[in-house]
Amino acid sequence: MTILLAVFAAVLGAVTGSFLNACIHRMPRGVSLLNPKRSFCPACEKTLPWYENLPVVSWVFLRGKCSGCGATISFRYPLVELLTAGVFLPLWLKFGFPLGMAYFAFAALLLAATFIDFEHFIIPDEITLGGAALGVFLCALIPELMGTASRWTAAGWSLLGALAGFAAVFLIVELGKIAFGRIRHRFAEPEPFRWVCDGESVTISIAGETMDWRDVFSRKRDKLVVALEGPALLDGETISPRRLEFFYDRVLLDGQPRSLESISHIEGQMSSVVIPREAMGFGDVKFMACIGAFLGWQGALFALFAGSIVGSLAGVAGLFLAKDRAGVRLPFGPFLAIGALIWLFGGALVFDWYLLLIAGLVGSFF
């Protein structure tokens, strides 16, 4: 029976991973998980029959290609299914019923957030805020998640964990905004800039680098400042302000506001630019609330510190592995997820050891 339950946990993980693949593909693109109900090929939109939707097996049988159009099916699909199975199995072996079932839901949230964040640099609210609400609910339903027999106490600890996780990362974001909130570039020679709205997307190009407008701004008060070198063109009209101050929805021409909704094109030469930036995305703040709701305040803080260490190591590795030695952009959400999983599989022992070490050092000092 023990072996059968372990096999069931692994199979359940693979099946859950298949559903997570749908979430990873659809949620960032605003596609409903209920319509269409059946899985489909992203290239030709062919509805997949059940025998082409078996976790891992179908991908191997089809040799990673759609049977309809022959398009390549990303290796991410079997990878997510295998990872989910690989996480569900040890969770079941370590926690059993009912804790293991609750942690299945938590692990699914972590995996979905990880792959969405890697691909799109966002974590949807359905995962972060919805996950936080689910964590509080499950802790009230299974108070053992918070190490107590009282449902009300467990729900209270879960809420405290969500608030602690949220507050800790929110403080980091705000302090990071003060310390690293702007990037200033001064150019030895005038460089081109171009702001374009084509009806479907809005982009800005600075010295040859193009960015999505949404990626530049994280809050309404953020401002991008361009110091002009000579006149510029605004929808074909020559303008001569000394600087342009861009907000998300408007631009100031020497202090005179113009709605960006009425503009399709601005370009010119610039001598300097100031770009807003975040130390961390706000999705990570909400993601920490989800982690804290499941793990409590100790688990949330551990996930933050462990994720920071793992993320720092990955960043250093990326710096040396990048061909241009300029480093790579990495989302933080996946490393928070890794920190949360480390906590589940033994982080509490590390946390207790660290507290004893600190207590011993303080005691010897005084």
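Note that the structure is predicted; figures quoted are calculated from it, not measured.

Cut-offs used in this document
Residues numbered from 1 in each chain as written. Predicted model: local features only at pLDDT ≥ 70, side-chain atom pairs only at ≥ 80, totals over all residues. Heavy atoms only, no water. Helix = DSSP H or I, 4+ residues; strand = E, 2+ residues; numbered from the N terminus. Expected span 1.5 Å × (residues − 1). Bend = angle between axes of the 7 residues up to and from the residue. Buried < 20%, exposed > 50% of the residue type's maximum accessible area, 1.4 Å probe, protein only. Salt bridge = Lys/Arg side-chain N within 4 Å of Asp/Glu carboxyl O. Pairing = 2+ DSSP bridges.

Engineer: I'd like to hear about helix H5 (residues 125–141), residue by residue, with values.
Structural biologist: The end-to-end C-alpha separation of H5 is 23 Å, in line with the 24 Å expected for 17 residues at 1.5 Å each. Its axis deflected by about 30 degrees at Gly 131, H5 carries its strongest bend there. Every buried residue of H5 is accounted for by Ile 127, Thr 128, Gly 131, Ala 132, Gly 135, Val 136, Leu 138 and Cys 139.

Engineer: Account for the environment of Arg 221, naming residues and giving values.
Structural biologist: For Arg 221, the location among the structural elements is in the loop between helix H7 (213–216) and strand S4 (224–228). Distance in space between the C-alpha atoms of Arg 221 and Ala 108 is 35 Å, their sequence separation being 113 residues.

Engineer: Now, about the pattern of salt bridges: what can you tell me, with residues and values included?
Structural biologist: In this structure the tally under the stated criterion is 6 salt bridges. We note a salt bridge from Glu 267 to Arg 194, for which the minimum N-O separation is 3.7 Å. Highlighted residues: Glu 267 in strand S10 (residues 265–276) and Arg 194 in strand S1 (residues 182–197), separated in sequence by 73 residues. With relative accessibility at 37%, the residue Arg 194 sits in the partly exposed group. A salt bridge links Arg 243 to Glu 245; the nearest nitrogen and oxygen atoms lie 3.2 Å apart. The class for Arg 243 is partly exposed, based on a relative accessible area of 36%. Residues participating in the shared-partner salt-bridge network are Lys 223, Arg 243 and Glu 245.

Engineer: An account of the pairing of strand S8 (residues 250–253) is needed here, citing residue identities and associated values.
Structural biologist: Where strand S7 (residues 243–246) lies against S8, 3 bridges are found, and the strand directions are antiparallel. Residue pairing for S8: Leu 244 is matched across the bridge by Leu 253. Two successive antiparallel strands, S7 and S8, enclose a turn made up of 3 residues. Taking the residues that link successive antiparallel strands as the turn, the S8-strand S9 (residues 256–259) hairpin has 2 residues, and the phi of Asp 254 there is positive, at about 55 degrees.

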